[in-house]
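Now for the letters of each chain:
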Amino acid sequence: MKIGHGRACLSPSKDEFYLIGYKTPYRNAPAEGIHDDIYCNGLLIDVKGKKLFLASFDFLELEDEMVNEAKARLEKKFAIDRDLLLLSATHNHSSIMSYHKHWHSGVFDPAYYEFVMEQLVSVYQECLDSLEEVTGAYGSEIITDYYGNRNHPGELADNEVTVIEFKNPKGEVIGAIVNMAVHSTVLSAKNNTLTGELAGNICRKLEQYWQIYPLILIGAAADSSNRHQRQGDDFSELERVSTALAREIAKIKRVEPLVLDQLTWQSLSHSIYNDMEITHKEAQRFLDSDSPLKNPGLIKKCEGILQRDHFYQQIEFGVYHLGKLQIYSFPGELGSAFGIEMKKASREQKALGIVAGYTNGFHYYFLPEKEYGLSFETIGNPVPQGEPEKIVGKLIQSAQLLGDKGTEGHADE
């Protein structure tokens, strides 16, 4: 197997730009500047000539339209199968707005959008140019104290962090993946300075340990953050937490061999239709209640839900089987319990499972049925109860089928 890596800065050259993320009045004014740069990191995995490309942007989210255009450009220029392109966001709430065509208060900048596309192409080219034979190894550890379940104080979310490293014949680490499930949100909604936030700063600090910038893949993090572990919400706290987490991640021993000797994948889809009758009743019940969860943002969300006469989404996702490695790709925010469930299913097949959330699009929150009505993510959620379980069931079934099949190729749903 071969690995290539690439990295490109995504910070804007214009002095005036706006931040994306929190829907607060602070973000209606131009950003106050750049605290630290944002990046796109890429990793190209070549298994017997078949290539899988993973890219991670220090963005809030990637719209489906943007993903499809990016895939079309990469497919045309490099003749790579568009199904083998996994484009992810770190879900950075202190990132730039300019690339986003439909943000509610946004000022879309076509020049910046084109710049991002060009940088992505350059990252792929750098990956292609740096391809070399490697051996792989991995390790996983539960890291506590710095983040957990934000809806259930004192409980863990999916706190397992997995590190995969790739070494060339000289023994040099030339690429790595860090898979962790936590919102990249240390700073408060009052911040109006561009930054890579938690994921971007962990990446930068790990380079000091490993001499390479790892690809940070955020997993099933819908209900995972450091909300209850914060000692502040400013840049000094970001420095403290990112430094501590980078130190703990660097300690994870990568001693389990990881051989990627095949590449099979399955493209999946799921249709959701909600006539909103039950959701309207739940939203109105919340608005009429004296719930301690009431805040202006959640009230506005539920009022908006009452104006919708239906909800429909067609969601595309997939599973990638690379011998001992299985990657679950999903375009939205999965609850941490689902991440734990999927990784357990992979272990039962004697495979390493990692979850790539916020990948190839963005489609709302998907939490377990028992969590509905308990938090911002589920109150007024147009995704009906039970639909997330159906999606996760498809992902696990696909992983099992691919693991059993054990041959190269592509299997449609």
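If you're wondering where the values come from, they're calculated on a predicted model, not measured in any experiment. (Residues numbered from 1 in each chain as written. Predicted model: local features only at pLDDT ≥ 70, side-chain atom pairs only at ≥ 80, totals over all residues. Heavy atoms only, no water.)

Asker: Could you clarify how one ought to interpret the sheet that holds strand S4 (residues 50-57) in this entry?
Answerer: One key point about sheets: their strands pair by backbone hydrogen bonds, in either a parallel or an antiparallel sense. The five strands are arranged S5-S4-S3-S1-S7 in an open sheet whose pairing can be described as mixed. Of all strands in the sheet, those bounded by a partner on one side alone are strand S5 (85-89) and strand S7 (132-133). Where strand S1 (residues 2-9) meets S7, two bridges bridge the pair, whose relative direction is antiparallel. When the bridges of S7 are listed, Lys2 appears paired with Glu133. Along the sheet, helix H2 (residues 110-129) contacts S1, strand S3 (39-47), S4 and S5; its crossing angle with S1, the most-contacted strand, is approximately 150°. (Pairing = 2+ DSSP bridges. Helix = DSSP H or I, 4+ residues; strand = E, 2+ residues; numbered from the N terminus. Contact = heavy atoms within 4.5 Å. Axes fitted to C-alpha atoms, helices over the stretch in contact; angles between N-to-C directions.)

Asker: Whenever I open this one, the side chain of His270 confuses me. Can you help?
Answerer: Looking at where His270 falls in the secondary structure, it is placed in strand S15 (residues 264-274). A polar contact is formed between the side chain of His270 and the side chain of Glu387, at a distance of 2.7 Å. Of note is the side chain of His270, whose polar atom sits 3.2 Å from the side chain of Lys394. In this structure, His270 is in contact with Gln313, Gln314, Ile315, Phe317, Glu387, Lys390, Ile391 and Lys394, ignoring residues within four places of it in sequence. (Polar contact = N/O pair within 3.5 Å; in protein donor to acceptor, adjacent residues only side chain to side chain.)

Asker: Please clarify how the pairing of strand S8 (residues 135-142) should be interpreted in this entry.
Answerer: Each regular strand carries side chains that alternate between the two faces of the sheet. Two elements, S8 and strand S10 (residues 160-167), share eight bridges in a ladder whose sense is antiparallel. By the bridge assignment, Glu141 is partnered in S10 with Val161. Two strands pair when backbone bridges link them, and S8 and strand S14 (residues 256-258) are joined in this way by three bridges, in the antiparallel orientation. Of the residues in S14, the one forming a bridge with Gly136 is Leu258.

Asker: How should H2 be read in this particular structure?
Answerer: Turn by turn, an α-helix covers 3.6 residues, leaving residues three or four places apart pointing in a common direction. With 20 residues, H2 should reach 28 Å at 1.5 Å per residue; the first-to-last C-alpha distance of 29 Å fits that figure. Lining the buried residues of H2 we find S1, S3, S4, helix H1 (64-78), S5 and strand S6 (94-96). Between a side-chain oxygen at the N-terminus of H2 and the backbone nitrogen of Ala111 the separation is 3.0 Å; the capping residue is Asp109. (Expected span 1.5 Å × (residues − 1).)

Asker: What should I look at first to understand unusual backbone geometry in this one?
Answerer: Where the residue is not glycine, phi is negative for most of them; where a peptide bond is considered, it is trans in most cases. Phi at Gln211 is positive, roughly 65°, even though this residue is not glycine. Residue Gln211 is classed as exposed on the basis of its relative accessible area, which comes to 55%. We note that Lys350 has phi near 60°; this positive angle belongs to a residue other than glycine. Considering the arrangement of structural elements, one finds Lys350 in the loop between helix H7 (336-348) and strand S19 (352-356). (Buried < 20%, exposed > 50% of the residue type's maximum accessible area, 1.4 Å probe, protein only.)

Asker: Help me out: how do you make sense of the layout of surface pockets in this one?
Answerer: If a probe as big as a water molecule is rolled over the atoms, it shows which places are left empty. Of the voids in this model, the second largest pocket is the one considered here, and its volume is about 340 Å³. Around the second largest pocket sit 17 residues that line it, and Asn68, Lys71, Glu316, Phe317 and Asn360 are the ones nearest its centre. Of all elements in the fold, only H1, S15 and strand S16 (311-322) reach the threshold of two or more residues within the lining of the second largest pocket. Partitioned by chemical class, the residues of the lining of the second largest pocket number five nonpolar, seven polar and five charged. (1 Å grid on protein atoms, 1.4 Å probe; cavity = no way out; pocket = protein on both sides within 12 Å on 5 of 7 lines; lining within 4 Å. Points joined across faces, edges and corners; volume = space filled by probe spheres on them. Nonpolar A, V, L, I, M, F, W, Y, C, P; charged D, E, K, R; others polar.)

Asker: It is not clear to me how the state of the cysteines should be interpreted in this structure. Could you clarify?
Answerer: Covalent bonding between the sulfur atoms of two cysteines is what defines a disulfide. Overall, the coordinates contain zero disulfides when judged by the stated rule. The thiol sulfur of Cys40 is not disulfide-bonded, and the nearest other cysteine sulfur, from Cys127, lies at 8.4 Å. Take Cys127: its relative accessible area is 0%, and that puts it in the buried class. (Disulfide = S-S within 2.5 Å.)

Asker: Sorry if this is basic, but what is going on with empty space enclosed by the protein here?
Answerer: Taken as a whole and judged by the stated rule, the model has three cavities of 30 Å³ or more. By volume, the largest cavity is sized at about 70 Å³. Lining the largest cavity we find Arg7, Tyr39, Asn41, Ser56, Asp58, Thr90, Ala199, Gly200, Cys203, Pro214, Leu215 and Ile216. Secondary-structure elements contributing two or more residues to the lining of the largest cavity are S3, helix H3 (197-210) and strand S12 (215-218). Ranked by residues supplied to the lining of the largest cavity, first place goes to H3 with three residues. Of the residues contributing to the lining of the largest cavity, the split by class is six nonpolar, four polar and two charged. What the second largest cavity holds in volume is close to 50 Å³.

Asker: Sorry if this is basic, but what is going on with the packing of aromatic side chains here?
Answerer: Aromatic ring pairs are reported here in terms of the distance separating the ring centres and the angle at which the planes meet. Under the definition given, this model contains eleven aromatic pairs. Between the aromatic rings of Phe57 and Phe59, the centroid separation amounts to 5.6 Å while the plane-to-plane angle is 20°, which identifies the pairing as stacked. Exposure remark for Phe59: the relative accessible area of 0% places this residue in the buried category. Centroid distance Tyr358 to Phe362: 6.3 Å. Interplanar angle 10°. Geometry classified as stacked. Between the NZ or CZ atom of Lys101 and the centre of the ring of Tyr113, over which it lies, the distance is 4.7 Å. Geometry around Phe376 places Lys301 over its ring, the cationic atom sitting 4.4 Å from the centre. (Phe/Tyr/Trp six-rings, centres within 6.5 Å; stacked < 30°, edge-to-face > 60°. Lys NZ or Arg CZ within 6 Å of the ring centre and 35° of its normal.)

Asker: What is the right way to look at the pattern of salt bridges in this model?
Answerer: Side-chain pairs of opposite charge can arise where the charged atoms are in close proximity. As enumerated under the stated definition, the model contains 18 salt bridges in all. In this structure, Arg73 and Glu69 form a salt bridge, with 2.8 Å as the shortest nitrogen-oxygen distance. Remark: Glu69 and Arg73 occur in helix H1; sequence separation between them is four residues, near one turn of the helix. On the accessibility criterion, Arg73 (27% relative accessible area) is partly exposed. Residue classification places Glu69 among the partly exposed positions, given a relative accessible area of 26%. Of the charged contacts, one joins Lys343 and Asp158 as a salt bridge, the two residues approaching to 2.8 Å between their closest N and O atoms. In this pair, Lys343 is assigned in helix H7 and Asp158 in the loop between strand S9 (148-149) and S10, connecting sequence segments 185 residues apart. Note on Lys343: relative accessible area 4%, which makes it buried. Each of Asp158, Glu160, Lys343 and Arg347 takes part in a single network of salt bridges with overlapping partners. (Salt bridge = Lys/Arg side-chain N within 4 Å of Asp/Glu carboxyl O.)

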